[in-house]
Amino acid sequence: MSYRKRTAALASAAALAGSAVLMAAPAAHAEVVDVDYRCKTPIGDKSAVSPIDMKGVKSGSGYRITMSWQKGVSSSPVELGKGAMNPSATIELGGADSGTLSVTGPANQAAIPANTPIKISDLSGTYTPKKTGKVTFTAGVLTIKALGTTTTCTPSNDPGPSLTLDVTAAGGGGSSGGTQSGGGAQSGAGTGDSLPQTGPEDSAIALGTLGGTVLLTGAAGALWLTRRHQTARR
C-alpha cells in the first residue's frame, strides 16, 4: 500500500471510530402496553382493557412524563357534563429507581354520554431521577372522580413497562426511591422542555467528547506520519 493510501486509511478509521462511539449513546425505549383494568365503581365492578402509551421529555433536571390511554375505561350510568370528571393516576417506577410517580390532567373537555367508556385525557407529571441507570415506568392505579364519587381502576394483568429511560441522578444518585408528585405545582416545569432524549445529557456529552478525542487522535497520527515521510524524503 502506498504512503498516501495508508494515510487516507488511517484518517478514515479514526472518523469511523468517532462515529461508532457517538452512535453508542444509550436510547430511551417506549412501547404501547395493553393494561387490563379492574375498576371499583359506586355501582359495582367493571373491567376494560386499554393500550397505554408513555413519553418522556427532558425538562430541566428531570423528565416530563406523559401517560396516554388509547381506549376508554369504566363508564357512568348517567351523563357526565363538561368538567365533571377529574382523572389522576400513579406510575410505578422500576429498574434503577423505585416508588411511584403521580400524574394528573385536565377534567373532561366535553360531555360523556351515559354508559359510554370514559376516555381519559393525557396525564402528566415531572420525574426527577433519584438514581443513575435504566428506570422503567409502568401503569399503576387510575383514579376517576366524578359527581362526588370515586372510581379506582387497578391493573390486573401485571403489565410490562410502557417506557424505559436511561437517566443520571444529580449528585451521584445515592438516595432511595419514593413518591413523586406530578400535580399542578409542577405544571410550569414544561417551560424548559426540549425534544425527547435518547439518553441523559451528561452521558451523551461524555460520549461525544470521547468520540471527538478518538477522531482528533487519529488525525494527529496522520499528520505525524505525513511530517515523518516529508523528513525522510529530505
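None of the values given here were measured: they were computed from a predicted structure.

K.L.:
Would you explain unusual backbone geometry in this entry?
P.N.:
Among all residues except glycine, the phi angle is most often negative; among peptide bonds, the trans geometry is most common. For Asn115, which is not glycine, the phi dihedral falls at a positive 55 degrees. Tracing the sequence through the fold places Asn115 in the loop between strand 6 (99-104) and strand 7 (123-127). Taking the relative accessible area as the measure of exposure, Asn115 reaches 60% and is therefore exposed. The phi dihedral of Leu147 is positive, around 50 degrees, even though this residue is not glycine. Take Leu147: it is sitting in the loop between strand 8 (133-146) and strand 9 (149-155). Owing to a relative accessible area of 54%, Leu147 belongs among the exposed residues under this scheme.

K.L.:
Help me understand the nonpolar core in this model?
P.N.:
Most often, soluble globular proteins have nonpolar side chains that are buried together. Core analysis: the largest hydrophobic core is formed by 34 residues, its most contacted members being Tyr37, Met67, Trp69 and Phe137. Elements that contribute at least two residues to this core include exactly strand 2 (33-41), strand 3 (44-59), strand 4 (62-69), strand 5 (85-95), strand 6, strand 7, strand 8 and strand 10 (163-167). The element contributing the most residues to this core is strand 8, with 6 residues. With residues near it in sequence (within four places) discarded, Phe137 still touches Met54, Ile65, Ile91, Glu92, Leu93, Tyr127, Pro161, Ser162, Leu163 and Leu165.

K.L.:
Can you help me understand the pattern of salt bridges in this one?
P.N.:
Think of it this way: side chains of opposite charge can pair up when their charged atoms draw near. Evaluation of the coordinates by the stated rule reveals 4 salt bridges. In this structure, Asp36 and Arg38 form a salt bridge, with 3.3 Å as the shortest nitrogen-oxygen distance. The class for Asp36 is buried, based on a relative accessible area of 16%. According to the relative accessible area criterion, Arg38 is partly exposed, its value standing at 47%. We note a salt bridge from Lys55 to Asp53, for which the minimum N-O separation is 2.6 Å.

K.L.:
Looking at this model, I keep getting lost on the packing of aromatic side chains. Mind explaining?
P.N.:
Think of a pair of aromatic rings as described by two things: how far the centres are apart, and how the planes are tilted against each other in angle. All told, the structure shown has 1 aromatic pair when counted by the stated rule. A cation sits over an aromatic face here: Lys58 above Tyr63, 5.3 Å from the ring centre.

K.L.:
Looking at this model, I keep getting lost on the state of the cysteines. Mind explaining?
P.N.:
One covalent bond between the sulfur atoms of two cysteine residues makes up a disulfide. Summed over the entire model, instances satisfying the criterion amount to 1 disulfide. The side chain of Cys39 participates in a disulfide bridge whose partner is Cys153; the two sulfur atoms lie 2.1 Å from each other. Across the disulfide from Cys39 to Cys153, rotation about the S-S bond amounts to roughly 110 degrees, and the bridge is consequently right-handed. Taken together, the residues Cys39 in strand 2 and Cys153 in strand 9 connect sequence positions 114 residues apart. Grouping residues by exposure puts Cys39 and Cys153 together as buried.

Criteria and cut-off values
By convention here, each chain's residues receive numbers from 1 onward along its written sequence. Where totals are concerned, whole chains, interfaces and linings use all residues; where local detail is concerned, this predicted model gives features only for residues with pLDDT of at least 70, and gives and counts side-chain atom pairs only at 80 or more. Hydrogen atoms and water are omitted, and side-chain values are computed over all heavy atoms in the structure. Secondary structure elements are taken from DSSP: a helix is a run of H or I of four residues or more, a strand is a run of E of two residues or more, and numbering for both begins at the N terminus. We call a residue buried when its accessible area falls under 20% of the maximum for its residue type, exposed when it is over 50%, and partly exposed in between, using a 1.4 Å probe and counting protein chains only. Each nonpolar core is a collection of buried residues, namely Ala, Val, Leu, Ile, Met, Phe, Trp, Tyr and Cys, held together in the definition by side-chain atoms within 4.5 Å. Whether two residues are in contact is decided by their heavy atoms, any of which lying within 4.5 Å being enough. A side-chain nitrogen of Lys or Arg and a carboxyl oxygen of Asp or Glu constitute a salt bridge if their distance falls within 4 Å. Pairing of aromatic rings covers Phe, Tyr and the six-membered ring of Trp, with a centre-to-centre limit of 6.5 Å; geometry is then stacked below 30 degrees between planes, edge-to-face above 60, and tilted otherwise. Only when the NZ atom of a Lys or the CZ atom of an Arg is both within 6 Å of the ring centre and within 35 degrees of the ring normal do we say a charge sits over the ring. Whenever a pair of cysteine sulfur atoms sits within 2.5 Å, that pair is classed as a disulfide.

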